[in-house]
Amino acid sequence: MNARKHRLRVFIAMVASDTFAICLLAVVLATTILAFGLGADAHLIITILVLGIATAFAETTIRARNNKRDPK
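Please read all numbers here as calculations on a predicted model, not as lab measurements.

Thresholds, definitions, all that
Throughout this document, residue positions are counted from 1 along each chain, in the order its sequence is written. Since the coordinates come from a predicted model, pLDDT governs what is reported: local features require at least 70, and pairs of side-chain atoms require 80 or more to be given and counted, while whole-chain, interface and lining totals use all residues. Heavy atoms throughout the structure, all of them, feed into the side-chain values; hydrogens and water do not. The numbering of helices and of strands both runs from the N terminus, where a helix is a DSSP run of H or I of at least 4 residues and a strand a run of E of at least 2. Classification of residues uses two cut-offs on accessible area relative to the type maximum, computed with a 1.4 Å probe and protein chains only: under 20% is buried, over 50% is exposed, and between them is partly exposed. Only the protein chains shown count as covering a residue, and every accessible area follows the Shrake-Rupley method with a 1.4 Å probe. UniProt positions are given in the numbering used here, feature names are shortened, and annotations may be inferred rather than shown by experiment.

*Asks:* Break down the overall build of the chain for me, with residues and values.
*Replies:* The helix and strand tally for the chain stands at three helices and zero strands. Going residue by residue from the N terminus, the α and β elements of the chain occur as α-α-α. Every one of the 72 residues in the chain was classed for burial, and the buried ones make up 14%. Surface exposure of the chain reaches about 6,000 Å², of which carbon and sulfur atoms provide 67%.

Here it is as structure tokens:
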């Protein structure tokens, strides 16, 4: 149970970090340009949002692991 609480706290801290927010903002911006600027299909927009969120999550996870191993 204690390990679950720790994982949840780490997850919340990661989601609340600046890196994750910047990545999500970039994804939303790119998707908005596709949606309104190019008139893309809804399926494409949803797919890009999901892939972008997954990529932002993966990048934040990798950065957190690297920072944990080699703190500045």
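There's more to say after this.
*Asks:* Residue-level account of the UniProt feature "transmembrane region" (unreviewed entry) in the chain, with values.
*Replies:* Residues annotated by UniProt as "transmembrane region" (unreviewed entry) correspond here to residues 12-36 and 42-62. Secondary structure over residues 42-62 splits into 100% helix and 0% strand, and the C-alpha atoms at its two ends are 30 Å apart.

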